[in-house]
Amino acid sequence: MTTNNKTSPSGSGSSVSARQKGRKGDFVFRTILRLMKKAKVLPQVSLTESQALEAGDVWKTMDGAVFSGNPDFKGLLAEPYGPISEEEQAFINGPLQELCGMFDAYEVSSTHRIPEHVEAFIKSKGFMGLLIPKEYGGLGFSRLAISTILHTLSAHSFTVTVLVMIPNSLGAAELLIHYGTEEQKRFYLPKLASGEYVPCFGLTESTAGSDAASIKSEGVLFRDGDGSIKIRLNFKKRYITLAPIANLCTIACQLSDPDNLLGKGKDLGITCVLIHKGTPGFSNGQHHKPIGESFDNGTLVGDNVVVGIDNIIGGAEYAGLGWKMLMEQLAGGRSVSLPAGAVGNMKKAMASSAAYSMVRQQFNRQIGQMEGVEEKIAYIAAMTYMCEAARIFVCSAIDRGIQPPVTSAVLKAYTTEIARKAGVDAMDVFAGAGVMQGPRNILGKAYTSSPVGITVEGANILTRTLMIFGQGATRCHPYALNVVHAVDDDDVPAFRWNLLGWLFHFGWGLVRTTVRSLTRGFTVSIPSVAPGTRTYYRRLGWAAAHFGSLTDLAMFTMGGKLKARGKLTGRYADAVAWMLLGFSALRRYEAEGRRKEDKPLLDYSLEYALARVQEAFEGIYENFDAPVLGFVMRTLGGLCLRLNPLAHEPSDRLSHKAAKTVQSFGEQFERLSDGVYVGSEDAPGIGQVIGAFRLISEAQPVIDKIIAAQKARQLPRGISAAEIAPEAVRQGLIDAGEAAQLAAAHAARMRAIEVDVFEKDQYYLDHAPAIANR
């Protein structure tokens, strides 16, 4: 017994040997670490980049699954997918519908003004406090509910939407909720919820757009004559939404403390400071004039503006932490407002173009029956189905407490891009009726306004080429960020552990990729899902394995140079984005009970998404220019990829089926276009188009009788059903009631296809420069 507690000579020798091996191992890995640091093999990460990288969460079953190369589909399907609460639904069915119905969207956009009674209604019903907890006077709605409200309102009137969107997105309220002192919360939040305070957030400057961390606005701490610490600010902000009408502005500035009054050093960093309208030296009120639909946007200028240190959001404790605060809130917040507007406009484009395609006739047939038009309708409908799925799925995750910056960036960038293309396609369907402006024009404002969503909250070009893969490859990868930190900290044990883990992960990933490529994904673990969808899980699992290996290859061979390879990283971002969108569509299909009637939309969206992933992979292989490896990938690898593709473009047959899901008025059409404000069917614009579509769909059985009679040569061919109806009644092919039904549908059709005309005086009035009096 006692001998077990003593160190034997042999044991002592083994211990010494182990320590020697450990020292040798440490020497080897320390050498590798130093070489990697010297050669800048890994991306160099600044403080602001580090704060951005580490903000928010990795969503393990979404972006984390893609970068790991092995999705957990069982876990994915267990993630929440809505719904909103009864209280939130009551608000959507009540005040939101009432708001949409109380103003003329065309008039509001044309005059550049929100009517006073509309603004008063917005404030009185709590629209400006959707985000704010009930204890501070707000409604305390979920992010999904806020997104749903904005997706309806944005498609109806973006001019009005911004008065609701900005107070409920990144700005004073959200920052105060998470970082404000209790005193600040109790003072500001009730006034923000009631609309007494109209907020705006000043970040962008002439020299700091997408590179927001480079702002030059300055704030200097000093001790006033009364002994209190104050801030003197100088700034010039631009592109600030609601700036001309705001009375509470949050200014992001570089804060310095020359006398070290706070004891934190002289250069504190980016800080968020509240400034009230009317503060000496502060001016707002000038307008920019954004493209497309008008909305309040302008400049904020500060010339030696002095405020107390208590105006820092969070107080002195949060001096210098502004960038961290912004990145943490944008991690999830980027997926709420702009994707909501994009999906809302896609739904409106889908509903109106599908309806118009069956209302409008040329060559004595509905234009929606022509394959060229049908192709456009199919794309719009399928992309709307998929993007709506992503909107609900991601917002549900945020409400569960996940703040996924990579998935949020994907949602913002790709929904706005897809919405822009859908808008173009819908305009092609409307043709002349889409070109002529006026109250009847359904799509023109969204079409011309699409660059707004593309640009704000990070321009899509930079989001795609820098942020998605740059942040994802480092943060979502199971080992990369740990290795970066270990190198920065000269932590040899952590470096050894994570580098070895990474190498094993990479090797096993290559095996997984090879097996899944050879079997076309048949080794992917798939839970119990709709039988007809298993192919998509297999191919997405295969694609994720392939992507994981390609990510490791890029990190190993290019490392820090990836920052400058925007074209290549953009293709990686495309692959990530379309996989995540595909995951979302599958989650929706399961969550909604596997509706067979929606299967064509799921099929089209998944085939299209996988074809985009295939396209991205081909681009990566063709442009992977690492020595030797790049040649192998461009030749042998590229050949294998093309001979064994993930997918092809959706077939013509599938396109036909997808278009048909929305080309008949009924339960499916109404469900898929839920959230689109139509208003009265007598109102010019979408109301009349949807009304005519409904009547034509209801009259379709009668139309089919006449077409059958024409084919049987009982009635003359080449004449429309409405025109030949009297002869059909005379022959007893249809009755008088059916003829009346056809006549009503035809009259509605003729009203719906009208376009606006203006008298000379009204034409020049509408085209006169708007003068802002606000």
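For clarity, every value in this text was computed on a predicted model and none was experimentally measured.

Rules behind the numbers
- Residues numbered from 1 in each chain as written.
- Predicted model: local features only at pLDDT ≥ 70, side-chain atom pairs only at ≥ 80, totals over all residues.
- Heavy atoms only, no water.
- Salt bridge = Lys/Arg side-chain N within 4 Å of Asp/Glu carboxyl O.
- Helix = DSSP H or I, 4+ residues; strand = E, 2+ residues; numbered from the N terminus.
- Buried < 20%, exposed > 50% of the residue type's maximum accessible area, 1.4 Å probe, protein only.
- Axes fitted to C-alpha atoms, helices over the stretch in contact; angles between N-to-C directions.
- Parallel < 35°, antiparallel > 145°, perpendicular 65-115°, else oblique.
- Contact = heavy atoms within 4.5 Å.
- Nonpolar A, V, L, I, M, F, W, Y, C, P; charged D, E, K, R; others polar.
- Patch = residues over 30% accessible without salt bridge, like charges linked within 9 Å, V, L, I, M, F, W, Y side chains within 5 Å.
- Areas by Shrake-Rupley, 256 points an atom, 1.4 Å probe, with all protein chains shown as cover.
- Pairing = 2+ DSSP bridges.
- pLDDT = per-residue confidence, 0-100.
- Core = buried A, V, L, I, M, F, W, Y, C linked by side-chain atoms within 4.5 Å.
- Phe/Tyr/Trp six-rings, centres within 6.5 Å; stacked < 30°, edge-to-face > 60°.
- Lys NZ or Arg CZ within 6 Å of the ring centre and 35° of its normal.

Here's the deal with the pattern of salt bridges
Applying the stated criterion across every chain yields a total of 32 salt bridges. The network of salt bridges with shared partners includes R595, E597, D598, E667 and R671.

Structural notes on the environment of L77
With respect to the helices and strands, L77 occurs in helix α4 (residues 73–78). By relative accessible area, which is 16% here, L77 ends up buried. With 514 residues separating them along the chain, L77 and A591 place their C-alpha atoms 8.3 Å apart.

Side note on the packing of helix α10 (residues 172–179) against helix α12 (residues 322–333)
Packing of α10 against α12 brings their axes to within 11 Å, and their N-to-C directions diverge by 105°. By the angle between their axes, α10 is roughly perpendicular relative to α12. Contacts between α10 and α12 involve E174, L175, H178 and Y179 from the former and M325, L326, E328 and Q329 from the latter. Among the residues making up the contact of α10 with α12, the classes are represented as four nonpolar, two polar and two charged.

Points about a nonpolar patch on the surface
A contiguous nonpolar surface patch, about 420 Å² in accessible area, is contributed by F504, W508, V511 and V515. As for its placement among the helices and strands, F504 is situated in helix α20 (residues 492–519).

Side note on helix α17 (residues 444–455)
Restricting attention to buried positions, one finds in α17 the residues G444, S449, S450, V452, G453 and I454. Here the buried face of α17 lies against α9 (158–165), α13 (337–359), α15 (405–430) and α18 (460–476). E457 sits one or two residues past α17 and shows a positive phi near 55°.

Thoughts on the pairing of strand β3 (residues 229–241)
Of the strand pairs in this sheet, strand β2 (residues 218–223) and β3 are connected by six bridges, and their pairing is antiparallel. Its bridge partner being in β3, E218 is matched across the sheet by N234. Taking the residues between adjacent antiparallel strands as the criterion, β2 and β3 are bridged by five residues, where G227 takes a positive phi near 95°. As paired strands, β3 and strand β7 (residues 297–308) are joined by nine bridges and run antiparallel to one another. Each residue of the ladder has a partner; that of I231, found in β7, is V307.

A word on the environment of G560
Inspection of the secondary structure puts G560 in the loop between α21 (534–557) and α22 (566–591). Residue classification places G560 among the partly exposed residues on the basis of a relative accessible area of 23%.

Quick word on the confidence of the model for the chain
In this model, the chain carries a mean pLDDT of 91, and residues with pLDDT of at least 70 account for 94%. This model gives residues 1–22 a pLDDT under 50, and the stretch forms one contact once residues within four places in sequence are excluded. Per-residue pLDDT stays below 50 along residues 769–774; that stretch engages in 12 contacts with residues further than four places along the chain or on separate chains.

Quick look at the nonpolar core
If you look at the biggest cluster of nonpolar residues, it comprises 214 residues, and the most contacted ones within it are M383, F547, W578 and F617. Contact partners of M383, with chain neighbours within four places excluded, come to M346, I418, W578, Y604, S605 and Y608. Residues A208, A213, L248 and L330 belong to the second largest nonpolar core, which totals 31 residues.

Some words on the packing of aromatic side chains
Summed over the entire model, instances satisfying the criterion amount to 28 aromatic pairs. Ring centres of Y604 and Y608 lie 6.4 Å apart, and the angle between their planes is 10°; this geometry places the pair in the stacked category. Of this pair, Y604 and Y608 both sit in helix α23 (residues 599–623), four residues apart, which is roughly one turn of that helix. Across this residue pair, the class does not change: Y604 and Y608 are buried. Relative to F693, the ring of F665 lies with its centre 6.0 Å away and its plane at 85°, an arrangement referred to as edge-to-face. Taken as a pair, F665 in the loop between α25 (652–660) and α26 (667–672) and F693 in helix α27 (residues 686–711) lie far apart in primary sequence, 28 residues in all. Through a chain of ring-to-ring contacts, the aromatic side chains of F67, F469, F547 and Y572 assemble into a single cluster. The ring of Y379 has K421 sitting right over it, with the charged end atom 3.9 Å from the ring centre. Stacked on the ring of F522, the Lys or Arg R538 has its end atom at 4.2 Å from the ring centre.

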